[in-house]
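# A structural walkthrough
Residues per chain, in single letters:
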Amino acid sequence: MKRIKQFSQILLIAIFLSSCKTSINKEYPIINSEENINENKNSKKKTMEIKFSCGDDGISEYLDDGWIILKEDSQEKICTWKSVPATKECDMEKDKGCKITQPDKIGKEKIYLLEK
C-alpha cells in the first residue's frame, strides 16, 4: 500500500514536470523590417461617419483634405419645431398645458461614410 502511494506521488510529480515547457528565444532574421513597418502603417485606413442636417453641407472640406466617400445616405429630419394652441380657446401665455409642439420645417439629413 505504501509503495502504491509513493508510485502515485511520483507519477503525479512527473506529470506536473512534463507539462511545463521551457521557453527558448529563437532569433529569426528580420529582413526589411523598416519597410514592413511603413507598409503596415499605410495599410491602416481611417473611416469616419459625418452627418449634415437641414441644408448644411460641409463635405467639400473633407474631400479637399483627401477623404473619399464610401457611402452616402439621406433621410428626412425635422429641422425646427413650432408651438400651437390645442384648441381655439387656448391662451398659450396663461395656460402652458394647452400648448402642442409640432414640426415646422422638414429637411434632409445627409450621412456620409468617409475613408482616408
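Presented here is a report on the structure given in the accompanying data block. Please read these numbers as outputs of a predicted model, since none were measured by experiment.

Another aspect to go through is the pattern of salt bridges. Considering all chains together, one arrives at 2 salt bridges under this definition. Notably, a salt bridge pairs Asp65 with Lys116, separated by 3.5 Å at the nearest N-O pair. Of the two residues, Asp65 is situated in the loop between helix H3 (59-64) and strand S2 (68-85) and Lys116 in the segment after strand S3 (99-115); the sequence distance between them amounts to 51 residues. Residue Asp65 is classed as partly exposed on the basis of its relative accessible area, which comes to 47%. The partner of Lys77 in a salt bridge is Glu109, and the shortest N-O contact between them spans 3.8 Å. Of this pair, Lys77 sits in strand S2 while Glu109 sits in strand S3, and the two are 32 residues apart along the sequence. Residue class for Lys77 comes out partly exposed when judged on its relative accessible area of 34%.

Turning our attention to the state of the cysteines. One pass over the full model with this rule turns up 2 disulfides. Note on cysteine connectivity: Cys90 is disulfide-linked to Cys98, with sulfurs 1.6 Å apart. Across the disulfide from Cys90 to Cys98, rotation about the S-S bond amounts to roughly 65°, and the bridge is consequently right-handed. The same class applies to Cys90 and to Cys98, which are both buried. Disulfide connectivity for the protein, with bonded cysteines indexed by sequence position, reads 1-2, 3-4.

Reading the values: the criteria
- Within any chain, residue numbers begin from 1 and follow the written order of that chain's sequence.
- Under the rules for a predicted model, residues below a pLDDT of 70 receive no local features and side-chain atom pairs below 80 are neither given nor counted, while totals for whole chains, interfaces and linings still include all residues.
- As a rule here, side-chain values cover all heavy atoms of the structure and leave hydrogens and water aside.
- Salt bridges are defined by distance alone: a side-chain nitrogen of Lys or Arg within 4 Å of a carboxyl oxygen of Asp or Glu.
- What counts as a helix is a DSSP run of H or I of at least four residues, what counts as a strand is a run of E of at least two, and both are numbered from the N terminus.
- Burial classes follow relative accessibility: with a 1.4 Å probe on protein chains only, a residue under 20% of its type's maximum area counts as buried, one over 50% as exposed, and anything between as partly exposed.
- When two cysteine sulfur atoms lie within 2.5 Å, the pair is treated as a disulfide.

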